[in-house]
Structure formats: C-alpha cells, structure tokens
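Coordinates in review
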Amino acid sequence: MSPALKGLAVHLFTATGAVFAMLAMLAAVDGEWDMMFLWLVVAFFVDGIDGPLARRYEVKKHAAEFDGVLLDLIIDYLTYVFIPAFALFKSDLLPGWTGWFAIIVITFASAMYFADTRMKTKDNSFSGFPGCWNMLVLVLFALSPDFWIILILVSTLAVAMFLPLKFIHPVRTERWRLLSLPVALAWTFFAGWAAWVDFHPESWAHWGLVVTSVYLLFAGIAQQLLPSRVED
C-alpha cells in the first residue's frame, strides 16, 4: 500500500467516529443510555489511537487533502460534548432549570474552548480542562450523585477550561506516560463494563472509574506542582 493510501486510510478510520457518534445519538434519543455510552466508549477508543496512526503514517505529508485536525475536532465535539450534554439533560440527574443550565454552559464553553488556539501546551498536554464531558457524564450516570454536586462539577470544570491548569493527554504527554496510558486504557475498560451492566449500582467497575478518573483529572495539575528538571 502506498503512503498516500495509508494516510487516507487513517483519515477514514478517524471518520468512523462520526458513525459511532450517530449510533450513540440514536440510542440517546431512545433513552438507551447503556448503548449510548458503549458507542461513545468505542469512539473514545478510536480517538485514542488515530492520532498515533496519523503521526506514524505522516498524514499531513501524504494525505494533506484532508485536514485531520479539523476532522478530529468535529467528531470530538459530537462525542465529547454534544451527545453527553444531551444525555445529561434528558436523564433524571438534573431536574428543571438545572438541566438547561448544564447544557448551555457545557455546549457554549466547549465551543469556545475547541476554537482556542492556546489549548495545547508545549509538552502536548492541554491548557485548561479539555472538554471531556463524555467521561464526566458517564461517571455521573454510574454514581448518580445529588444534582447540586453535578452543578458544582459542571460549573467548576467549565471555568477550568480557561484557567492555566494543565491536563494530560494520556498518549501524547510524555511525562508519566508509562502510568497515564495504562490508566486511560483501564478507564476505557471500566467505562465499557459499567455501561454493559447498565450502570448497576453494585458494579465494581464504578470504583475503577472513580480511581482512574481522579488520576486523569489531576495528573497534569500534579505535574505543575511537581515540575520536572527538564522544562516542558
């Protein structure tokens, strides 16, 4: 296979995320939250490996007709932001005005963040919370906390999108990657399992979700507090 075809194949692989997003949305419309999250987990997995493939096969050089970054952002907004926000609004987790508040804050703040040219740091981490609302909403479905806790989390993370706080990319952030990548894979496994058992309250996967989510959320901030000898 020629380099051009390999590059095109990577773009086509990335584009499957849009199909998984549609399948997730159809499930969400029917209130089938377990299937919705299963499709989002599949999309999350695709998003995690298409970047390394794009760099491996140099798509910017061999398949430059398609903008892989733009394609990725479009799909990410659907799977990370739009569909999870819809699910949060349609679920029983946020009553009355609280659901409207959450979806307005999530979609508006995320649109601005995704267009921010300063979202990446020098070490390929994220500057500000990277809009991983799919991860947050899945954990909320699993734990079903009080709606005030949800509002506080949504508000805090929306503000954190525009603060100089570092959030790791499990694949691209080199520092602690030997730990971060397995933790991200573990999160994907726990998320898929939790959705598979329809978020059964006694599922052991919930504890795995909490532990891995805490690490992924705070690892970058910990790196800021414990700077390495070599500047990022």
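Check the entry above for the structure.
Starting afresh in each chain, residues are numbered from 1 along the sequence in its written order. A pLDDT threshold of at least 70 governs which residues receive local features in this predicted model, and a stricter bar of 80 or more applies before side-chain atom pairs are shown or counted, although totals over entire chains, interfaces and linings include all residues. Calculated side-chain values reflect all of the structure's heavy atoms, with hydrogen atoms and water omitted.

So, the overall build of the protein chain
Cut-off, in case you're wondering: The way it works is that DSSP assigns letters per residue, a run of H or I at least four long becomes a helix, a run of E at least two long becomes a strand, and they are numbered from the N terminus. As defined in this context, the radius of gyration uses C-alpha atoms, and a globule is described by 2.2 Å times the residue total to the power 0.38. Exposure was quantified through the Shrake-Rupley algorithm and a 1.4 Å probe, taking into account, for residues, occlusion by the shown protein chains and nothing else. All tallies of charge rest on Lys and Arg as positive and Asp and Glu as negative; His and the ends of each chain are not included. One atom stands in for each charge, and that atom is NZ of Lys, CZ of Arg, CG of Asp or CD of Glu.
The helix and strand inventory of the protein chain stands at nine helices and two strands. Expected size for 232 residues packed as a compact globule is a radius of gyration near 17 Å; at 18 Å, the protein chain falls within 12% of this value. Here the C-alpha coordinates of the protein chain stretch approximately 50 × 45 × 35 Å along the principal axes. Per element, the accessible surface of the protein chain, about 12500 Å² overall, is 71% carbon and sulfur. The positive charge centre, built from 14 side chains, and the negative charge centre, built from 19, are 14 Å apart in the protein chain.

Things to note about the pattern of salt bridges
Keep this limit in mind: Should a side-chain nitrogen of Lys or Arg be within 4 Å of a carboxyl oxygen of Asp or Glu, the pair is scored as a salt bridge.
Applying the stated rule across the entire model yields two salt bridges. Linking D116 and R118 is a salt bridge whose minimum nitrogen-to-oxygen distance equals 2.9 Å. Between D123 and K166 there is a salt bridge whose closest N-O contact spans 2.6 Å. Pair noted here: D123 is in the loop between helix 5 (97–114) and strand 1 (126–127) and K166 is in strand 2 (residues 166–167), with a separation of 43 residues, a long-range link.

Remarks on unusual backbone geometry
Operational definition: Accessible area is worked out with a 1.4 Å probe on protein chains only. A residue is then buried under 20% of its type maximum, exposed over 50%, and partly exposed in between.
Despite not being glycine, W176 has its phi angle at roughly 65°, a positive value. With respect to the helices and strands, the residue W176 is situated in the loop between strand 2 and helix 8 (177–196). Of the residues examined, W176 reaches a relative accessible area of 31% and is grouped as partly exposed. Non-glycine residue F199 carries a positive phi angle of around 55°. Tracing the chain through its elements places F199 in the loop between helix 8 and helix 9 (205–225). On the basis of relative accessible area, F199 is assigned to the buried category, the value being 10%.

Let's talk about the packing of helix 6 (residues 133–143) against helix 7 (residues 147–160)
Quick note on the threshold: Angular values range over 0 to 180 degrees, each being the angle between N-to-C directions of two axes fitted as lines to C-alpha atoms, with helices fitted over their stretch in contact. Every angle not falling under 35 degrees, over 145, or within 65 to 115 is termed oblique; those three ranges are roughly parallel, roughly antiparallel and roughly perpendicular. Crossing handedness is read from the near helix: turned anticlockwise from the far helix by less than a right angle, it gives a left-handed crossing, and turned clockwise, a right-handed one. Note on contacts: a residue pair qualifies if any of its non-hydrogen atoms lie within 4.5 Å across the two residues. Polar here means any residue other than Ala, Val, Leu, Ile, Met, Phe, Trp, Tyr, Cys and Pro, which are nonpolar, and Asp, Glu, Lys and Arg, which are charged; Gly is therefore polar.
It is the contact of helix 6 with helix 7, at a shortest axis distance of 12 Å, that shows an interaxial angle of 170°. Judged by the angle between their axes, helix 6 and helix 7 are roughly antiparallel. Here helix 6 and helix 7 pass one another in a crossing that is right-handed. Contacts from W133, L136 and L140 in helix 6 reach I150, L153, V154, L157 and A158 in helix 7. Each residue belonging to the contact of helix 6 with helix 7 can be placed in one class, and the counts come to eight nonpolar, no polar and no charged.

Observations concerning empty space enclosed by the protein
Selection rule: Here a cavity denotes a set of grid points, spaced 1 Å apart and computed over the protein atoms alone, in which a 1.4 Å probe fits but from which it cannot get out, and a pocket denotes an open set meeting protein on both sides within 12 Å along at least five of seven lines; residues with an atom within 4 Å of a point are reported as lining. Grid points are joined across faces, edges and corners, and a volume is the space filled by probe spheres set on the points.
Considering all chains together, one arrives at two cavities of 30 Å³ or more under this definition. By volume, the largest cavity amounts to about 50 Å³. Lining the largest cavity, in full, are T14, G17, A43, V46, D47, D50, D72, I75, D76, T79 and Y80. Mapped by element, the contributors of at least two residues to the lining of the largest cavity are helix 1 (3–29), helix 2 (33–56) and helix 4 (68–90). Among the residues forming the lining of the largest cavity, the class breakdown is four nonpolar, three polar and four charged.

Considering helix 9
To keep it simple, the criterion reads: The span one expects for a helix is its residue count, reduced by one, times 1.5 Å. Throughout, bend refers to the angle between the axes fitted to the seven residues that end at a position and the seven residues that start at it.
In this model helix 9 runs 30 Å from its N-terminal to its C-terminal C-alpha over 21 residues, within 8% of the 30 Å that 1.5 Å per residue would give. At F218, helix 9 is bent by approximately 40°, the largest bend along its length. Among the residues making up helix 9, those that are buried are A205, H206, G208, L209, T212, S213, Y215, L216, A219, G220, I221 and Q223. Against the buried residues of helix 9 lie helix 6, strand 2 and helix 8.

Here we look at the packing of aromatic side chains
To keep it simple, the criterion reads: Ring pairs shown here join Phe, Tyr and Trp side chains whose ring centres sit within 6.5 Å, with only the six-membered ring taken for Trp; geometry is labelled stacked below 30 degrees between planes, edge-to-face above 60, and tilted in between.
What the rule picks out here adds up to 21 aromatic pairs. Summarising the aromatic geometry, the rings of F44 and W187 are spaced 5.3 Å apart at their centres and angled 55° between planes, so their arrangement reads as tilted. Residue F44 is found in helix 2, and its partner W187 is found in helix 8; the two are separated by 143 residues along the sequence. Accessibility classification places F44 together with W187 in one group, the buried group. For the pair Y113 and F162, a centre-to-centre distance of 6.3 Å together with 75° between the ring planes defines the contact as edge-to-face. Here Y113, found in helix 5, pairs with F162, found in the loop between helix 7 and strand 2; they are 49 residues apart in sequence, far enough to count as distant. For F162, a relative accessible area of 43% corresponds to the partly exposed category. Cluster of aromatic residues (ring-pair linked, three or more members): W33, F37, F141 and F199.

Nothing here speaks to function; it is all geometry.
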